[in-house]
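Chain and residue survey
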Amino acid sequence: MPAPLITVDVRMFRSSGIGTYLRALLPRVMRLLTDARFCLLGDARSLASESFASDPRVECRELDAGVYSPLEQVSIPRAAPEETRIFWSPNVNVPVVHPGRLLVTVHDAFYFEPPAGVRTRLDKRAYLRLLTMRLKSKAGAVLCVSEFTKSELERQGSWRCPLHAVRNG
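Residues numbered from 1 in each chain as written. Predicted model: local features only at pLDDT ≥ 70, side-chain atom pairs only at ≥ 80, totals over all residues. Heavy atoms only, no water.

**What about the overall build of the chain?**
What the chain contains, in helices and strands, is five helices and seven strands. Listing each helix as α and each strand as β along the chain from the N terminus yields β-α-β-α-β-α-β-β-α-β-α-β. Against the 2.2 N^0.38 benchmark of 15 Å for 169 residues, the chain shows a C-alpha radius of gyration of 16 Å, consistent with a compact globule. Considering only C-alpha atoms, the chain reaches an extent of 50 × 30 × 30 Å along its principal axes. Counting the 169 residues in the chain, one finds 46% classified as buried. Long-range contacts, defined as pairs at least 24 residues apart, comprise 54% of the intrachain contacts of the chain with a sequence gap of at least 6. Within the structure as shown, the chain displays about 9,300 Å² of accessible surface, and the carbon and sulfur contribution to it stands at 55%. Placing the 24 positive and 17 negative side-chain charges of the chain at their respective mean positions leaves the two points 4 Å apart. (Helix = DSSP H or I, 4+ residues; strand = E, 2+ residues; numbered from the N terminus. Rg over C-alpha atoms; globule rule 2.2 N^0.38 Å. Buried < 20%, exposed > 50% of the residue type's maximum accessible area, 1.4 Å probe, protein only. Contact = heavy atoms within 4.5 Å. Areas by Shrake-Rupley, 256 points an atom, 1.4 Å probe, with all protein chains shown as cover. Lys, Arg positive; Asp, Glu negative; His and termini not counted. Charge placed at Lys NZ, Arg CZ, Asp CG, Glu CD.)

**Digging into the environment of Met1**
Here Met1 is to be found in the segment before strand S1 (5–9). The exposure class assigned to Met1 is exposed, which follows from its relative accessible area of 93%. Considered as a pair, Met1 and His164 are 163 residues apart in the sequence and their alpha carbons are 30 Å apart.

**Details of helix H4 (residues 122–138)**
Given a rise of 1.5 Å per residue, 17 residues ought to cover 24 Å, and the 24 Å separating the end C-alpha atoms of H4 matches this to within 8%. For H4, every residue scored as buried is listed here: Tyr127, Leu128, Leu131, Thr132, Leu135 and Lys136. Projection of H4 onto a plane perpendicular to its axis shows the buried side chains occupying an angular sector of 160°, all on one side. The exposed residues of H4 that point more than 90 degrees off its buried face are Leu122, Arg129 and Met133. Looking at the buried positions of H4, the neighbouring elements they touch are helix H3 (72–79), strand S5 (101–106), strand S6 (139–144) and helix H5 (147–156). (Expected span 1.5 Å × (residues − 1). Arc of directions from axis to C-beta.)

**So, the sheet that holds strand S2 (residues 37–42)**
Consider a sheet: its strands pair through backbone hydrogen bonds, and that pairing is either parallel or antiparallel. Taken in spatial order, the seven strands of this open sheet run S3-S2-S1-S4-S5-S6-S7, and their pairing is parallel. Lying at the two open borders of the sheet, with one neighbouring strand each, are strand S3 (58–62) and strand S7 (163–165). Across the sheet, the mean angle separating the axes of adjacent strands is 20° when strand polarity is ignored. Two elements, S1 and S2, share five bridges in a ladder whose sense is parallel. Counted as the bridge partner of Leu5 is Arg37 from S2. Packed on one face of the sheet, H5 meets S5, S6 and S7 and runs near 160° to S7. (Pairing = 2+ DSSP bridges. Axes fitted to C-alpha atoms, helices over the stretch in contact; angles between N-to-C directions.)

**Brief notes about the environment of Thr132**
The topology assignment puts Thr132 in helix H4. The class for Thr132 is buried, based on a relative accessible area of 13%. It is 7.4 Å that separates the C-alpha atoms of Thr132 and Val92, two residues lying 40 residues apart in sequence.

Structure representation (structure tokens):
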């Protein structure tokens, strides 16, 4: 039986914030999960320069759809291997039609309940609402980057999965 496949959306690998999180955590996860294979979706050429890309358990696939663009909902399922056991989204922009398990990292509760007075475009709000509904109903687990974010999500309720606060460090 082949090793389980974990597919990770790493389009923001070179960014600050979520990119810093990915650069710190992904190599550690790969070292710990020695019986897993990894498919990294993002800038395949850029990822090839990373030391972990030479690991025979790692495959880098091109995914250039913009983050938070409806195009990502078509591009992610096309790029992700069919045998993906777990899809790890390091942000709330989860693939809506992914049939397998979702592991999602939430960095800020803002996406779920923007502060009063903050205005966002109607199309962005509708897209985030769709992602939120899917995340709440489909995620196998949610990693929150702080206890505060976890408590804010718990306060909002309706989660069908465990919420975990994790530390980067």
